[in-house]
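# Coordinates in review
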Amino acid sequence: MSKLGDYRMKTIGAVAALVSILPFTGCAADAMPSEVLSPSEPSVAELPVELEGTWCSALDDDDCLSFTQLGVESPGAWISIPGGLSATERTTFALCSPVAASDADCAGAIANFYEYFPPGVAFNCQETVDRINLESAGVLQIRGCSPDYTDLHKTEKARLVDVTDHLGDPYEDSPPYYLSE
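Every chain begins its residue count from 1, and numbering advances along the sequence as written. For a predicted model such as this one, the threshold for reporting local features is a pLDDT of at least 70, and the threshold for listing and counting side-chain atom pairs is 80 or more; totals across whole chains, interfaces and linings nevertheless cover every residue. Computation of side-chain values: all heavy atoms of the structure, hydrogens and water removed.

Time to look at the state of the cysteines. We call a pair of cysteine sulfur atoms a disulfide whenever their separation is within 2.5 Å. Tallying each qualifying case throughout the model produces two disulfides. Disulfide pairing is shown between C56 and C64; the S-S distance is 2.0 Å. The sign of the S-S torsion, about 105°, decides the handedness of the disulfide formed by C56 and C64: right-handed. A relative accessible area of 12% places C56 in the buried class. The side chain of C125 participates in a disulfide bridge whose partner is C145; the two sulfur atoms lie 2.1 Å from each other. When the S-S torsion is -105°, as for the bridge of C125 with C145, the disulfide is left-handed. In this pair, C125 is assigned in helix α3 (residues 125-135) and C145 in the loop between α3 and β7 (159-162), connecting sequence segments 20 residues apart. Burial classes follow relative accessibility: with a 1.4 Å probe on protein chains only, a residue under 20% of its type's maximum area counts as buried, one over 50% as exposed, and anything between as partly exposed. Every helix listed is a DSSP run of H or I at least four residues long, and every strand listed is a run of E at least two residues long, numbered separately from the N terminus.

What follows is the structure in structure tokens.
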């Protein structure tokens, strides 16, 4: 097998392993109605207050996201937060965009995963890598963080992190997003 083919196989295995251990336990089909928000319905107004507004990267003020705006740009997209947002620990959730009009859950959709950190909840990239390695039962053995954005996490503020591209060895950390003021 070529080096590229070998890399792709390792990446596919790493994706499968990481998705299986994330604290995200399901998608829209498993979530309670209050946990699934569809921008194509009036429930957009029910987006958890913690996620409302525009979130901008700690590294680039021009790199911003708004779940309400994403819903306008992708009709039929929804947020899936099984169990709701935690006020005391980080919560992994998905932004799900249907591939076809008949898709009714994240399993049949394109999903971007995020983590929400409420105020007071710390983040440490190496601790995250250690947790992934422990919970993967040997499937993954990531050797560190590169880059490591631990120092950009201001624990007194709520933060969002895009976890979609974190796979790899080393773990590819993403900068936190903060609500724009």
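On we go from here.
For the protein chain, the average pLDDT comes to 73, and 67% of its residues sit at 70 or higher. For the protein chain, per-element mean pLDDT is lowest for helix α1 (residues 3-21), which scores 34, and highest for strand β2 (residues 55-57), which scores 97. Note that pLDDT drops below 50 for residues 1-45; the model gives that stretch 63 contacts with residues more than four away or on any other chain. Note: pLDDT gives the predictor's confidence per residue, expressed from 0 to 100. Should any heavy atoms of two residues lie within 4.5 Å, those residues are counted as being in contact.

Right, let's get into the environment of S66. Position of S66 relative to the elements: it lies in the loop between β3 (64-65) and α2 (67-73). Separated by 11 residues in the primary sequence, S66 and W55 place their C-alpha atoms 6.3 Å from one another. Side-chain polar atoms of S66 contact the backbone nitrogen of Q69, separated by 3.2 Å. Two N or O atoms count as a polar contact when they lie within 3.5 Å, although within protein this holds only if one can serve as hydrogen donor and the other as acceptor, and sequence-adjacent residues are included solely when both atoms are side-chain atoms.

Between rings of Phe, Tyr and Trp, where Trp is taken as its six-membered ring, a pair exists when centres lie within 6.5 Å; planes separated by under 30 degrees are stacked, by over 60 edge-to-face, and by other angles tilted. For the structure shown, the criterion picks out four aromatic pairs. Note on F67 and F93: the rings are 5.7 Å apart at their centroids and 65° apart in plane angle, and the pair reads as edge-to-face. Placement of F67 in helix α2 and of F93 in strand β5 (residues 91-98) is noted, with a sequence separation of 26 residues between them. Considered together, F67 and F93 belong to a single accessibility category, that of buried residues. Relative to F123, the ring of F117 has its centre 5.7 Å away and its plane inclined at 85°; by these criteria the two rings are edge-to-face. An aromatic cluster of three or more residues is present, and its members are F67, F93 and Y114. The ring centre of Y178 lies 5.7 Å from the NZ or CZ of K154, which sits over that ring. We call a charge positioned over a ring when the NZ of a Lys or the CZ of an Arg lies within 6 Å of the ring centre and within 35 degrees of the ring normal. Cation over ring: K157 sits above Y178, and NZ or CZ is 5.8 Å from the ring centre.

Another point: the side chain of S174. Within the element layout of this structure, S174 appears in the loop between β7 and β8 (177-179). Residue class for S174 comes out buried when judged on its relative accessible area of 13%. Of the polar contacts made by the side chain of S174, one reaches the backbone oxygen of D162; its length is 3.0 Å.

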